[in-house]
Amino acid sequence: MSDIKLLDCTLRDGGYINDWNFGEYTIREILSKLVESGVDYIEVGFLRDCDYEPNRTLYNNCAEIAQILPENRGKTKFTAMSLHNKYTLDKLEPYDGRTIDAVRVTFHDYDIEEGLTYIRKVKDKGYKVFANPINIMGYSDEMILQLLLKVNEIKPYAFSIVDTFGSMMKDDLLRIYSLIEHNLDRDIVIGLHLHENLALSYSLAQDFINMKASGRECVIDASMLGMGRSPGNLCMELIMDYMNKRQSGHYDVNPVLDGIDDHIEQLKQIEAWGYSTAYALSAKYNLHRNYAEFLLDKGRLRAKQINQILGSLEDHKKTAYDEAYIEGLYQDFQNKTIDDRETRRNLARPMAGRKCLILAPGSSIKGERQRIERYIEEERPVVISANFVPDFYQADYTFCCNARRFETILGKAQTPKVILTSNLLEMCPDGRIEAGQYLPVNYMDLHFDEMGPSDNSVIMLLRLLKKLDVQDVALAGFDGYRTDSKANYVSDYMASQHTKGDEENKKIRERMMQMERQLNIRYLTESLYQSRA
């Protein structure tokens, strides 16, 4: 029998995708198929201080876990994960051999002592315990050695190499494994938990198997289809197949493949995990993945700009996520202050005493074309498109505050004059500002007001028009975000996987209520933001 075991963490790590709401039927099916496959360990979810729901893989105690475990468990053992500050151990029953066999305990480099004390208490209740230090890539060699001394005193069942931010390469794995192999008590199992930031998890798992010392027991984590908090994990079906081919493995991959087809593949519609450039960049700097997620959710930055911002994080801020800190870096990056008084004068003159029509990129500008064209013919407004160049309307100006959209505008053969915010100046071709084709305005002046920040293009444009003393504004194509993101836009290329739906709609609606008190605003097309008086 191989001294390398496989642990499936789909129901725990995969829960970051669907808020652990797999549904009771799916939970039971996944457990059944994994047992049928012969996997050595299944992590059933988190032990948490929570309100238990049978449809979710979050539990208060082992009695709740027992309700979903299959009657036929084969040779598979079961585990759950716990964090010392999110689960009260008084709720954990003494080990009785009927539910989970092990508890996996995670801790940070700043709460090691709390984590180790917690491990002792779990062990005292009779369970096998995995010690899973978060982000071992953030430890110096000296820190690892000091930690191993303390772990050897406690003697947990296993000590895991956890590449939390997915930044590990082969030489890193070899260095860390060698330190652990030569300094960890021989009776303690070595675990490995990899992430897919650099698309290396399958390769690193093979490297780990090949470098593993003879006689040392090891446990490798994986999940079905690599399901896990973006960018995901090592794929169970791949490592099972590798173990069968190269390590005399005993696994039946077919039930796992069936489980993927029946239950996991469809969950990618919620959030598609897998390699992406932004998560690769977070791994490059060994950062908490939430920093990359925050910048991705802005939906307005190119990958190279995300690279610049992530590269500016201070070392002491990298491990523990600080949203206020990354928001500040984002604002600093966007706010390239300029003197825009001349631009405002040049814009104010042609708009004086006239109405303005803002064309937003919602799909309604195509369906309501006749109504919009009639308004243009009758009112003769100044027409300004927001973050795009319309194909079937003649705009006087295009307003742009978004790097992704500005790159598309740059690719157009002919464009109106472009009013662009100062965060985009470095992307401008030489000479166009001097020629008057591009009209720069301060980003921060339009991004922030008494209601707080907003980087929605229409809100920012309305704030600019107010500063230019425009009184009357008509809106078309300002439809709002609906479930089907492709149907939101006049062109498919504008759809973004980072659209926030109802949450973003609510924020914009609040801003629009404020703007409607300051300007005479008319909606030419139906909008989720229009006041229902």
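Look up a bit, the structure's there.
**What to know about the sheet that holds strand S14 (residues 438-441)**
Thought 1: Taken in spatial order, the seven strands make up an open sheet running S14-S13-S12-S11-S10-S17-S18, and their pairing is parallel. Of all strands in the sheet, those with a lone pairing partner are S14 and strand S18 (520-523), marking the two edges. For this sheet, the mean inter-axis angle between neighbouring strands, taken without regard to orientation, is 25°.
Thought 2: As paired elements, strand S10 (residues 356-359) and strand S17 (residues 472-476) share four bridges and run parallel to each other. What sits directly across from Leu357, in S17, is Ala474.
Thought 3: Relative to S10, helix H17 (residues 369-379) is tilted by about 155°, and along the sheet it contacts S10, strand S11 (382-386), S17 and S18.
Thought 4: Contacting S17 and S18, helix H21 (residues 502-518) runs over the sheet at an angle of about 125° to S18.

**Describing a negative patch on the surface**
Thought 1: A contiguous patch of negative charge on the surface is contributed by Glu36, Asp252, Asp258, Asp261, Asp262 and Glu265.
Thought 2: In terms of residues, the negative patch owes the most to one element, helix H10 (residues 253-264), which gives three residues.
Thought 3: Tracing the chain through its elements places Asp258 in helix H10.
Thought 4: A residue is classified by how much of its surface remains accessible, and Asp258, at 40% relative accessible area, is partly exposed.

**Considering the nonpolar core**
Thought 1: Judged by nonpolar contacts, the single largest core of 81 residues is most densely connected at Ile100, Phe159, Ile161, Ile180 and Ile239.
Thought 2: If sequence neighbours within four positions are ignored, Phe159 has contacts with Ala131, Pro133, Ile136, Leu147, Leu148, Val151, Ile180, Leu184, Ile188, Val189, Ile190 and Gly191.
Thought 3: Ala278, Ala292, Met351 and Tyr481 belong to the second largest nonpolar core, which has 56 residues in total.

**Focus: the side chain of Lys298**
Thought 1: One can find Lys298 in helix H12 (residues 289-298).
Thought 2: When sequence neighbours within four positions are dropped, the list of residues in contact with Lys298 reads Glu327, Tyr330 and Asp455.

**Side note on the layout of surface pockets**
Thought 1: Put simply, the second largest pocket is a space of about 680 Å³.
Thought 2: Around the second largest pocket sit 29 residues that line it, and Tyr16, Leu83, His108, Ile134 and Arg229 are the ones nearest its centre.

About the thresholds
Residues numbered from 1 in each chain as written. Predicted model: local features only at pLDDT ≥ 70, side-chain atom pairs only at ≥ 80, totals over all residues. Heavy atoms only, no water. Pairing = 2+ DSSP bridges. Helix = DSSP H or I, 4+ residues; strand = E, 2+ residues; numbered from the N terminus. Axes fitted to C-alpha atoms, helices over the stretch in contact; angles between N-to-C directions. Contact = heavy atoms within 4.5 Å. Patch = residues over 30% accessible without salt bridge, like charges linked within 9 Å, V, L, I, M, F, W, Y side chains within 5 Å. Areas by Shrake-Rupley, 256 points an atom, 1.4 Å probe, with all protein chains shown as cover. Salt bridge = Lys/Arg side-chain N within 4 Å of Asp/Glu carboxyl O. Lys, Arg positive; Asp, Glu negative; His and termini not counted. Charge placed at Lys NZ, Arg CZ, Asp CG, Glu CD. Buried < 20%, exposed > 50% of the residue type's maximum accessible area, 1.4 Å probe, protein only. Core = buried A, V, L, I, M, F, W, Y, C linked by side-chain atoms within 4.5 Å. 1 Å grid on protein atoms, 1.4 Å probe; cavity = no way out; pocket = protein on both sides within 12 Å on 5 of 7 lines; lining within 4 Å. Points joined across faces, edges and corners; volume = space filled by probe spheres on them.

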